[in-house]
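A closer look at the structure
Residues per chain, in single letters:
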Amino acid sequence: MAVSLRRRLVWQLLALSAILSVALFVAVRIGAERASEVTMDAILGAAAQNMAEELRVSDGGVGIDVPSGTFSMLAAMGEERIFYRVDVGQLTVTGYEDLPLPEKVPTALVPVFYTVPFRDAEVRIAAVARSVRIEKTLRPALVLLGQTREGQRSIAAELANRAALLGMAVFLAAIPISLFVARGLIRPIDSLAEAVERRGPRDLRPVRHPAPTELLPLVTALNRFIGRLRGTLSQTETFIAEAAHHIRTPLAIMRNEAELALRQSESEAARDRLRRLIRGADDAARSAGQLLDHATVLYRAEQADLAKIDLAEMVRAVANRLHAAAEMKDIDLQITVEEPLPAEGDAVLIEAALRNIIDNAIKYSPSDTRVEISAHRIGKNGEILVMDRGRGIGAASPELLKRRFRRGENVADVAGSGLGLTIVAEAAEAMGGHFELFAREGGGTCAKLLLPLS
Amino acid sequence: MRQVAFAAVLTLLASLRAAMGFEIEDDLRFGPPDATPLEILSTTDFVILEPVITAYLQQNPARSLRYVVASSQEVYRAIAEEHRAFDVVISSAMDLQMKLANDGLATPLPAEALRGLPAWARWRDLLVAVAQEPVVLILGKGALAAQETPPSTRRELLALLRDNADRFEGKIGSYDPAVSGAGYLFAAQDARLSDTFWRLAEVMGRMNARLYCCSSDMIDDLRTGTLLVGYNVLGSYAMAWAKDDFQVIELEDYTLTLLRTALIPKSANEAEGAADFIRFLLSDNGKALIARGAGLPAIEAAAFDRNTHLRPIRLDPGLLAALDRVTRQRFLEEWRAAMVQP
């Protein structure tokens, strides 16, 4: 399973801010320490030079005024400890005799700085060279002035800690920010997915949802795929329609011939066979018709041809057209249509739906019964009810019956393709309506088709 | 060559003295004899710290305590050179205490005891002031004529001495900075703070001023009338005497304030007990008891806010300069030159 984009983004942003805060800490720590060291070295060097300038030769030997003010100031920043040593020749004149000497002898102008451990502390020392004339000989003199740097270090450490705190704050702030950013980045993908998800099952139009540039390749690929799918689908449907059409014509010829033969045949056995042949041809023609209907519905659902229609008028027309079939079984078609029901829809689709409902009702009704057909307005919808006294839907769920090539368990003796209810349901859905099938009180089935009115 | 010989003599002297050990003036022991005592080494007479120590022992009956008194030099030597295992060192020699702390011979004091102390009353967490006392001018009876007002600045003091040279001839007393560590510290601070110090030294020299090792001797001579003026006398000694004998004056151009400081040496055996004792000294109760014993104000920043002429001697490594052998030598030469007129 691939890692979630959002999680990856959040982790990367977090890692970045963690690295940044560590870098900030290190940079401030090093920077502050170096900057303060440079500054304090400059002060220490100046103080050492100042002290060296106090070296004087008098009758008694070498004298020096150790400047207490300078010591105070050197110690003031961070309460440092002060050490010093004054050497003339090889002799320590004053100060700490054990204060370590520099490895490199300083020149007269540039102090030498070095750090040594001394009396349990790290001491930064500035060494300055001078020469003094004692009894007509020039003697080299060395002034060492040292200070601890604990205060400076603690100030630098505090600065660095503050920087680290800041970095930590940035890091913590990065969590919600990166979540927010991740959500913002993922949102177009989500909305695109939602737009595709929201489409009807037959909606194969190209995706026109606005998408960021980065997602355009995906959208283009998706659209190309949809295009191919549509091509394949329409090819299949065209093929089915063609096939159904091509089957219907020879079937009709076959039926006519069989009927002629029936009329002319004397043998009862042959007549029986011919009747079965005719019924078989009828069933085959029906199935072919339904296949054609189904293909039409699928095609139309995609590219509905909307026009102003009157549902009431259509119900009446379809019922009348099936009158002959009903009469053959002595079924009374009772049509109750009171008012015009104007709607906007695809006449072919709605007609296919109506034809299949009524045809079904006739088909599953026993002889000498009544099929009641009514159409009226309920709120914004037109409700078309087709009720029979047939065998009902049995134990099968109505939803299941609406699926393609599904038939009820109680209809094995009646020929059928299992497409009729599918066509009705698909047509209803394409028109924004609804189809329901339920058992009728007192036996039989009630089919309810709801279609929006204009 | 001369210097080498001098150094050798010094070393010899030092080793001789080290062999003998540092000199003790007083050695007192309190509390249960079998307990390990908290050892305090101090320059301060026990009398002055008696109230606070008594209260501490009452509060800690199981604790025993040894109180050793020595001069400031000896106190320094005991710790710096002999590494004696004292637990608390209290000394009025700020410079020597500073040197002990600066040279890494002190351990940190309890942080909570230092909290709230003004910056001038401590150095790092190693050295803390437990008492402050002004360095004052004392005028004995007869120093002033009936209509004269006592001097309030060094300038006025100079004028008084100059105008009445006969009256003060041989009757001015001050520390001998060559002998007394405290005297040298005061003189060095005086020289730092004002130019009048040198003129004062000249005037005192011209009038054959007497030089003393200690405040107490000066006060004794003032009481007997041998002296009329005592310059740079420790306040605690001056206050200890009745005000009737002489006048104690805090000069208003500035009055140095000496800090008695305490530290815990690295060589301490009872660092815990020492920290506890210092905590007690710095508590409000402890400060009040020290103030009662010394007759001096406790360490409080407000004292300096109220009396702007009070200058605490800065407790920082600047004090090391006063200890520098060569610097000291130069200063004393200059001072002698001022005091001794041809």
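Source: prediction; values computed, not measured.

1. Points about the overall build of chain A
For chain A, the helix and strand inventory stands at ten helices and 14 strands. Expected size for 454 residues packed as a compact globule is a radius of gyration near 22 Å; at 51 Å, chain A overshoots this value by more than 25%. Viewed in the frame of its principal axes, chain A has a C-alpha envelope of about 165 × 40 × 40 Å. Taken over 454 residues, chain A has a buried fraction of 40%. In chain A, the proportion of contacts linking residues at least 24 apart, taken out of those at least 6 apart, comes to 64%. Total accessible area on chain A stands at roughly 25,100 Å², and carbon and sulfur atoms take up 59% of it. For chain A, the separation between the mean place of its 56 positive charges and that of its 57 negative charges on side chains is 3 Å.

2. Description of the sheet that holds strand β11 (residues 370-378) of chain A
Residues and elements named next belong to chain A. The sheet built from five strands is open, its strands ordered β9-β11-β12-β14-β13 with mixed pairing. Two strands bound the open sheet, and with one partner strand each, they are β9 (332-337) and β13 (434-439). When strand polarity is set aside, the average angle formed by the axes of neighbouring strands in this sheet is 15 degrees. Relative to strand β14 (residues 445-452), β13 runs antiparallel, the two sharing six bridges. Considered in β14, the bridge of A439 is made with T445. Its contacts with the sheet put helix α6 (residues 311-321) on β9, β11, β12 (381-387) and β14, and the angle it makes with β9 is roughly 170 degrees.

3. Quick look at the state of the cysteines
Residues and elements named next belong to chain B. According to the stated counting rule, one finds one disulfide over all chains in the structure shown. Each disulfide pairs two cysteine sulfurs, and for C213 the partner residue is C214, the sulfurs being separated by 2.2 Å. Disulfide C213-C214: torsion about the S-S bond near -75 degrees, hence left-handed. On the basis of relative accessibility, which here comes to 36%, the residue C213 falls in the partly exposed class.

4. Overview of helix α4 (residues 94-102) of chain B
Each turn of an α-helix holds 3.6 residues, which means side chains three or four residues apart point in the same direction. Residue and element names in this part refer to chain B. With nine of nine residues buried, α4 lies mostly within the body of the structure. Buried residues of α4: M94, D95, L96, Q97, M98, K99, L100, A101 and N102, and no others. Just downstream of α4, G104 is the residue with a positive phi angle, here 80 degrees.

5. Comments concerning the sheet that holds strand β3 (residues 82-88) of chain A
Residue and element names in this part refer to chain A. The sheet built from five strands is open, its strands ordered β4-β3-β7-β6-β5 with antiparallel pairing. Pairing within the sheet leaves two strands with one partner each, and these edge strands are β4 (91-95) and β5 (112-118). Each adjacent strand pair in this sheet contributes to an overall mean axis angle of 30 degrees, direction not counted. Docked against the sheet, helix α2 (residues 68-76) engages β3 and β7 (137-148), running at close to 135 degrees with respect to β3.

6. What about the environment of A32(A)?
All names here are of chain A. Assignment of secondary structure puts A32 in helix α1 (residues 5-53). Along the sequence, A32 and Q152 sit 120 residues apart, while their C-alpha atoms lie 9.1 Å from each other. Setting aside anything within four residues of it in sequence, one finds A32 in contact with A27, A156 and L159.

7. Observations regarding the environment of I24(B)
Position of I24(B) among the secondary structure elements: in the loop between α1 (2-20) and β1 (26-30). For I24(B), the residues in contact, after removing those within four places along its chain, are V68(B) and V69(B).

8. Quick look at the interface of chain A and chain B
In this assembly, 30 residues from chain A lie in contact with 24 residues from chain B. Carbon and sulfur atoms supply 43% of the area buried between chain A and chain B, which totals about 2,200 Å² over both sides. Three residues, S72(A), E79(A) and R81(A), lead the burial of chain A against chain B; their summed loss comes to 25% of the area buried on that side. Counting every contact that joins chain A to chain B gives five salt bridges. As a salt-bridge pair, D120(A) and K266(B) come within 3.0 Å of each other at their nearest N and O atoms. Our count for the contact surface shared by chain A and chain B stands at 18 residue pairs in polar contact (both at pLDDT 80 or more). For the side of chain A that touches chain B, the elements supplying multiple residues, two or more each, are β2 (61-63), α2, β3 and β4 of chain A. The dominant element in the side of chain A that touches chain B, judged by the number of residues it contributes, is β4(A), at five residues.

9. A few points about the domain arrangement of chain B
All names here are of chain B. One can read the domain layout of chain B as domain 1 (2-132 + 259-310) and domain 2 (133-256 + 325-339). Where domain 1 packs against domain 2, one counts one salt bridge. A salt bridge links E133 to R260; the shortest N-O distance between them is 2.7 Å. Counting every contact that joins domain 1 to domain 2 gives three residue pairs in polar contact (both at pLDDT 80 or more). Elements represented by at least two residues in the side of domain 1 that touches domain 2 include exactly α4 and β7 (127-140). The class makeup of the residues in the side of domain 1 that touches domain 2 is five nonpolar, three polar and three charged.

10. Topic: the packing of aromatic side chains
Residue and element names in this part refer to chain B. Under the definition given, this model contains 15 aromatic pairs over all chains. Measuring from ring centre to ring centre gives 5.5 Å for W198 and F331, while their planes differ by 55 degrees; the resulting arrangement is tilted. Separated by 133 residues along the polypeptide, W198 in helix α9 (residues 196-206) and F331 in helix α16 (residues 325-339) bring together distant segments of the chain. Owing to a relative accessible area of 21%, W198 belongs among the partly exposed residues under this scheme.

11. A word on a negative patch on the surface
Together, E23(B), E25(B), D26(B) and D45(B) line one region of the surface with negative charge. In this fold, E25(B) is placed in the loop between α1 and β1.

12. Comments concerning the side chain of N102(B)
Looking at where N102(B) falls in the secondary structure, it is placed in helix α4. With residues near it in sequence (within four places) discarded, N102(B) still touches R81(A), I82(A), F83(A), Y96(A), W123(B), P317(B) and L320(B).

13. Focus on the domain arrangement of chain A
All names here are of chain A. Along its sequence, chain A is carved into domain 1 (5-157), domain 2 (199-303) and domain 3 (305-454). Domain 2 and domain 3 are separated by 20 Å when their C-alpha centres are compared. With 15 residues of domain 2 at the contact, the number on the domain 3 side is 20 residues. Note on domain 2 versus domain 3: buried area summed over both sides is about 1,500 Å², and carbon and sulfur give 53% of it. Taken together, the connections running from domain 2 to domain 3 amount to two salt bridges. Measuring nitrogen to oxygen at the nearest pair gives 2.8 Å for the salt bridge that ties R355 to D293.

14. Some points on the packing of helix α2 (residues 46-59) of chain B against helix α13 (residues 284-294) of chain B
All names here are of chain B. Packing of α2 against α13 brings their axes to within 6 Å, and their N-to-C directions diverge by 150 degrees. Here the hand of the crossing between α2 and α13 comes out right-handed. For the pair α2 and α13, the contacting residues are I48, L49, P51, V52 and A55 in the first and G286, L289, I290, G293 and A294 in the second. Of the residues contributing to the contact of α2 with α13, the split by class is eight nonpolar, two polar and no charged.

15. A look at the pattern of salt bridges
Tallying each qualifying case throughout the model produces 44 salt bridges over all chains. R122(B) is the partner of E79(A) in a salt bridge, and the nearest nitrogen-oxygen pair spans 3.6 Å. Here E79(A) is found in the loop between α2 and β3, whereas its partner R122(B) is found in strand β6 (residues 122-123) on a different chain. Judged by relative accessible area, R122(B) falls into the partly exposed class, the value being 22%.

Calculation notes
- Residues numbered from 1 in each chain as written.
- Chains lettered and ligands numbered in written order.
- Predicted model: local features only at pLDDT ≥ 70, side-chain atom pairs only at ≥ 80, totals over all residues.
- Heavy atoms only, no water.
- Helix = DSSP H or I, 4+ residues; strand = E, 2+ residues; numbered from the N terminus.
- Rg over C-alpha atoms; globule rule 2.2 N^0.38 Å.
- Buried < 20%, exposed > 50% of the residue type's maximum accessible area, 1.4 Å probe, protein only.
- Contact = heavy atoms within 4.5 Å.
- Areas by Shrake-Rupley, 256 points an atom, 1.4 Å probe, with all protein chains shown as cover.
- Lys, Arg positive; Asp, Glu negative; His and termini not counted.
- Charge placed at Lys NZ, Arg CZ, Asp CG, Glu CD.
- Pairing = 2+ DSSP bridges.
- Axes fitted to C-alpha atoms, helices over the stretch in contact; angles between N-to-C directions.
- Disulfide = S-S within 2.5 Å.
- Buried area = accessible area lost by both parts, 1.4 Å probe.
- Salt bridge = Lys/Arg side-chain N within 4 Å of Asp/Glu carboxyl O.
- Polar contact = N/O pair within 3.5 Å; in protein donor to acceptor, adjacent residues only side chain to side chain.
- Domains from an automatic or database assignment.
- Nonpolar A, V, L, I, M, F, W, Y, C, P; charged D, E, K, R; others polar.
- Phe/Tyr/Trp six-rings, centres within 6.5 Å; stacked < 30°, edge-to-face > 60°.
- Patch = residues over 30% accessible without salt bridge, like charges linked within 9 Å, V, L, I, M, F, W, Y side chains within 5 Å.
- Left-handed = near helix turned anticlockwise from the far one by under 90°.

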